[in-house]
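A closer look at the structure
Chain by chain, the residues run as shown.
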Amino acid sequence: MAKHSINLLQADLLPIKALWTLTRVVTLWGIALVIMLGLIFITQWQVNSVKAEFDTVNAINTAQTTELKSLELAISKNRQDTKLLTQLNTIKLVIANKEHLHQQLTDPSKTYSAGFSSAMVELSALHDKNISLQRVNIGHGNMTFAGLARTPDAVPNWLSGFESSTFLSGKRFINFSLTENEQKLTEFVVSSAPSKGE
């Protein structure tokens, strides 16, 4: 069959399709508008949520401030009763005086009756047939024993027994004198007090 027409339009002569068409630009703007509206909605929702939380915290703060003011007012009105305060001070003074009196009565360095009786009981338990006590002085934390001994070595032997004593152990005797009298007996003085010449 014979051709009656010739196509002179070749593909190279066709116009190139534009990348940014009006339809595509309008579509892109529409998508951007939807995204922006979505972001605005989310941001507004977050702002509303934070505002609601702020309002709640602010209401709590206001309530607590009011309560604090009322408590401060109640504290300022709560004055101490002068009469009760005077009674309390009097009771404290009486208790302090009783404690001081108790300390004075139980202090062994200031009370000698219990200490003296304890010492007498222990001295009788430490009796030595070679020692004859003639004078015992216990007072003001010091002790002095004076007497006669049959032999000079009887005194140190007798003093060594003080170690087993409760009342007399640990006492330091700083004055010690031995002399022989006319009857050939040893007179001794043992004292924890310093001599008057010292």
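Think of each chain on its own: its residues are numbered from 1, step by step along the sequence as written. In view of the model being predicted, local features appear only for residues whose pLDDT reaches at least 70, and side-chain atom pairs are presented and counted only at 80 or more, with totals across whole chains, interfaces and linings using the full set of residues. As a rule here, side-chain values come from all non-hydrogen atoms in the structure, and water together with hydrogens is ignored.

**Some thoughts on the overall build of the protein**
Starting at the N terminus, helices and strands are each numbered in turn, a helix being any DSSP run of H or I of at least four residues and a strand any DSSP run of E of at least two. When its secondary structure is counted, the protein shows 4 helices and 4 strands. Along the protein, from the amino end to the carboxyl end, the secondary structure elements read α-α-α-β-β-α-β-β. Taking the contacts inside the protein whose residues are at least 6 apart along the sequence as the reference set, 49% of them involve residues at least 24 apart. For the area figures, the Shrake-Rupley method with a 1.4 Å probe applies, and any residue is considered shielded solely by the protein chains shown. For the protein, the accessible surface area stands at approximately 16,600 Å², while carbon and sulfur atoms represent 62% of it. For this analysis, residues touch if any pair of their heavy atoms sits within 4.5 Å.

**Focus: the pairing of strand 4 (residues 186-191)**
Relative to strand 4, strand 2 (residues 142-149) runs antiparallel, the two being bridged by 6 bridges. By the bridge assignment for strand 4, Gly-147 is matched with Phe-188. Two strands are said to pair when DSSP picks up at least two bridges between them. The pairing of strand 3 (residues 175-180) with strand 4 spans 6 bridges and is classified as antiparallel. Its bridge partner being in strand 4, Leu-178 is matched across the sheet by Phe-188. The loop that links strand 3 with its antiparallel partner strand 4 comprises 5 residues; one of these, Lys-184, has a positive phi angle of about 65 degrees.

**What about the nonpolar core?**
Core analysis: the biggest nonpolar cluster contains 14 residues, and Ile-131, Val-155, Trp-158, Phe-162 and Phe-188 have the highest contact counts within it. Elements that contribute at least two residues to this core include exactly strand 1 (131-139), strand 2, helix 4 (154-160) and strand 4. For this core, the leading source of residues is helix 4, giving 4 residues. Dropping the residues within four chain positions of it, Phe-188 is found in contact with Ile-131, Leu-133, Phe-145, Ala-146, Gly-147, Leu-148, Ala-149, Val-155, Trp-158, Ser-177 and Leu-178. What is meant by a nonpolar core is a set of buried Ala, Val, Leu, Ile, Met, Phe, Trp, Tyr and Cys residues, joined one to another through side-chain atoms within 4.5 Å. Exposed residues in this analysis have more than 50% of their type's maximum accessible area, buried residues have under 20%, and partly exposed residues fall in between, with area computed by a 1.4 Å probe over protein chains only.

**A closer look at the sheet that holds strand 4**
Taking strand neighbours across the sheet as the criterion, the 4 strands line up as 1-2-4-3 in an open arrangement whose pairing is antiparallel. Edge positions in the open sheet fall to strand 1 and strand 3, since each of these has one partner strand only. For this sheet, the mean inter-axis angle between neighbouring strands, taken without regard to orientation, is 10 degrees. To define axes, lines are fitted to C-alpha atoms, for helices over the stretch in contact only, and angles between the resulting N-to-C directions are given on a 0 to 180 degree scale.

**With respect to the packing of aromatic side chains**
Classification of ring pairs uses Phe, Tyr and Trp, with its six-membered ring standing for Trp, and accepts pairs whose centres are within 6.5 Å; under 30 degrees between planes counts as stacked, over 60 as edge-to-face, and the remaining range as tilted. Scanning the model with the defined rule gives 2 aromatic pairs in all. Ring centres 5.9 Å apart and planes at 85 degrees place the aromatic pair Phe-145 and Trp-158 in the edge-to-face group. Here the residue Phe-145 occupies a position in strand 2, and Trp-158 occupies one in helix 4, the gap between them amounting to 13 residues. Assigned by exposure class, Phe-145 and Trp-158 land together as buried. Both rings, one in Trp-158 and one in Phe-188, keep their centres 6.0 Å apart while their planes meet at 55 degrees; by these two values the pair is tilted. Placement of Trp-158 in helix 4 and of Phe-188 in strand 4 is noted, with a sequence separation of 30 residues between them.

**Considerations on the side chain of Asp-128**
Tracing the backbone shows Asp-128 in the loop between helix 3 (113-125) and strand 1. Charged residues are defined here as Lys and Arg on the positive side and Asp and Glu on the negative side; His and the ends of the chain fall outside this count. The salt bridge definition used is simple: a Lys or Arg side-chain nitrogen within 4 Å of an Asp or Glu carboxyl oxygen. Despite being buried, Asp-128 has no salt bridge partner; Lys-129 is the closest side chain of opposite charge, sitting 7.1 Å away. With near-sequence residues (within four places) excluded, Asp-128 lies in contact with Ala-154 and Trp-158.

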